[in-house]
Amino acid sequence: VLTSRSAPLLLRHLRSSAAAAAATTVGRTEEARVLTAKEYGELLEPEAQRRCLEKMRSLPAFPRPKALTPSRREKQTSAVLILLCQERGTQEVSLLYTRRSRHLRSHSFQISFPGGRRDEEDASHADCALRETEEEVGLSRHRIQVWGESCQLHLPRTSSIVPVVGMVRDFNISELCLNFQEVEEAFIVPLNSLIVPKATRHTQFRSGYSGPVFVVDHHRIWGITGYLTHIFLRSLLPSHLMPECLKTNIKYVRPFKLPPRPPHHRESQSDPSMRT
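Worth saying up front: this structure is predicted, and the values here are computed from it rather than measured. (Residues numbered from 1 in each chain as written. Predicted model: local features only at pLDDT ≥ 70, side-chain atom pairs only at ≥ 80, totals over all residues. Heavy atoms only, no water.)

**Quick look at helix H3 (residues 46-56)**
Move 1: Inspection of H3 places Ala48, Gln49, Cys52, Leu53 and Met56 among the buried residues, and these make up the whole buried set. Buried residues of H3, seen end-on, are gathered within an arc of 130° and therefore sit on one face of the element.
Move 2: Those residues of H3 that are buried are in contact with helix H2 (37-43), strand E1 (77-87), strand E5 (145-149), strand E6 (160-171) and helix H6 (223-236). (Buried < 20%, exposed > 50% of the residue type's maximum accessible area, 1.4 Å probe, protein only. Helix = DSSP H or I, 4+ residues; strand = E, 2+ residues; numbered from the N terminus. Arc of directions from axis to C-beta. Contact = heavy atoms within 4.5 Å.)

Okay, here's the thing in structure tokens:
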């Protein structure tokens, strides 16, 4: 477990690099839509919270590729915390991410939201997300204002996930105390760094679907976490603040395949006269 004395040193370094990446990204992209301090405040108002949760609770079912057969993991239930952090001093709003520990058997080193499998003693999915967050990064549940729970998302080859949306005001990264058995690092990414065209990309899976990816500095947010980030930002931002890079629906594009070798090519290779 990372002690409270050494935690601020590591996490301040991660935060400063993320802030520098945000400034560089926004500065180099002419089409970037930068949220102002006033707009940040509007996103945290009760009406904005209600609108965000309403959209999160009416998400369409995830389109399952035919090539993916059901697995036993899909019968389990997990919860993750999508945490909006209003930073101390600047009032900038960021999202909290973790990188999974090298000691974990599955998905080690991958970026994720705090969270985990729901236990029997958890009163709700929100209770599960708060417990896991406190265990992983040491942030007390009493610091977090819970907005509410999203609908349950049934994703292929993993447990069903209930995203829980929350907010912490007057946040400083030095509050966190990492449990190295569960997380390798924790960092925050400003919303302005996630909504610029340079940060938004996609990845193509061989099983038949594409997924959103966000690249900020050296952090690559993809997979389930990229998908959750994408749908959350589309739920949080009203239409007049929605950047074009988040409006695009990612369509499946068949991967490039080499054509099969013609028969005469194979025969020529078997000709003894062609051997050296």
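**With respect to the nonpolar core**
Move 1: Residues Leu84, Tyr97, Trp147, Leu191, Leu194 and Phe232 are the most contacted members of the largest nonpolar core, which totals 44 residues.
Move 2: Here this core takes six residues from H6, the largest share from any one element.
Move 3: Look past the residues within four positions of Leu194 in its chain and what remains in contact with it is Leu95, Tyr97, Val189, Ala199, Thr200, Phe214, Val216, Ile221, Thr229 and Leu233. (Core = buried A, V, L, I, M, F, W, Y, C linked by side-chain atoms within 4.5 Å.)

**Quick word on the packing of aromatic side chains**
Move 1: In total, this model carries two aromatic pairs according to the counting rule given.
Move 2: Here the aromatic rings of Tyr97 and Phe113 are separated by 4.8 Å at their centres, their planes lie at 25°, and the arrangement is stacked. Of this pair, Tyr97 sits in strand E2 (residues 93-100) while Phe113 sits in the loop between strand E3 (111-112) and strand E4 (115-117), placing them 16 residues apart in sequence. Considered together, Tyr97 and Phe113 belong to a single accessibility category, that of buried residues.
Move 3: Here Tyr97 and Phe187 contribute two aromatic rings whose centre-to-centre distance is 5.9 Å and whose plane-to-plane angle is 20°, an arrangement assigned as stacked. Residue Tyr97 is found in strand E2, and its partner Phe187 is found in strand E7 (residues 183-190); the two are separated by 90 residues along the sequence.
Move 4: Note on Phe187: relative accessible area 1%, which makes it buried.
Move 5: Members of the aromatic cluster, connected to one another through ring pairs, are Tyr97, Phe113 and Phe187. (Phe/Tyr/Trp six-rings, centres within 6.5 Å; stacked < 30°, edge-to-face > 60°.)

**A short note on the pattern of salt bridges**
Move 1: For the structure on display, the rule yields 13 salt bridges.
Move 2: The salt bridge involving Arg88 is made with Asp170; its shortest N-O contact spans 3.1 Å. Taken as a pair, Arg88 in the loop between E1 and E2 and Asp170 in strand E6 lie far apart in primary sequence, 82 residues in all.
Move 3: Glu134 is the partner of Arg141 in a salt bridge, and the nearest nitrogen-oxygen pair spans 3.9 Å. (Salt bridge = Lys/Arg side-chain N within 4 Å of Asp/Glu carboxyl O.)

**Description of unusual backbone geometry**
Move 1: One non-glycine residue with positive phi stands out, namely Gln91, at about 65°.
Move 2: Summarising the element assignment, Gln91 is placed in the loop between E1 and E2.
Move 3: The exposure class of Gln91 is partly exposed, given its relative accessible area of 40%.
Move 4: At Asp170, a position not held by glycine, the phi torsion is positive, near 50°.

**Notes on the confidence of the model for the protein**
Move 1: Residues of the protein with pLDDT of at least 70 account for 68%, and the chain-wide mean is 79.
Move 2: Mean pLDDT across the elements of the protein ranges from a minimum in helix H1 (residues 7-28), with 41, to a maximum in E5, with 97.
Move 3: Predicted confidence for residues 12-30 stays below pLDDT 50, and this span has 27 contacts to residues more than four positions away or in other chains.
Move 4: Scored below 50 in pLDDT, residues 267-276 shows two contacts in the model against residues more than four places distant or in partner chains. (pLDDT = per-residue confidence, 0-100.)

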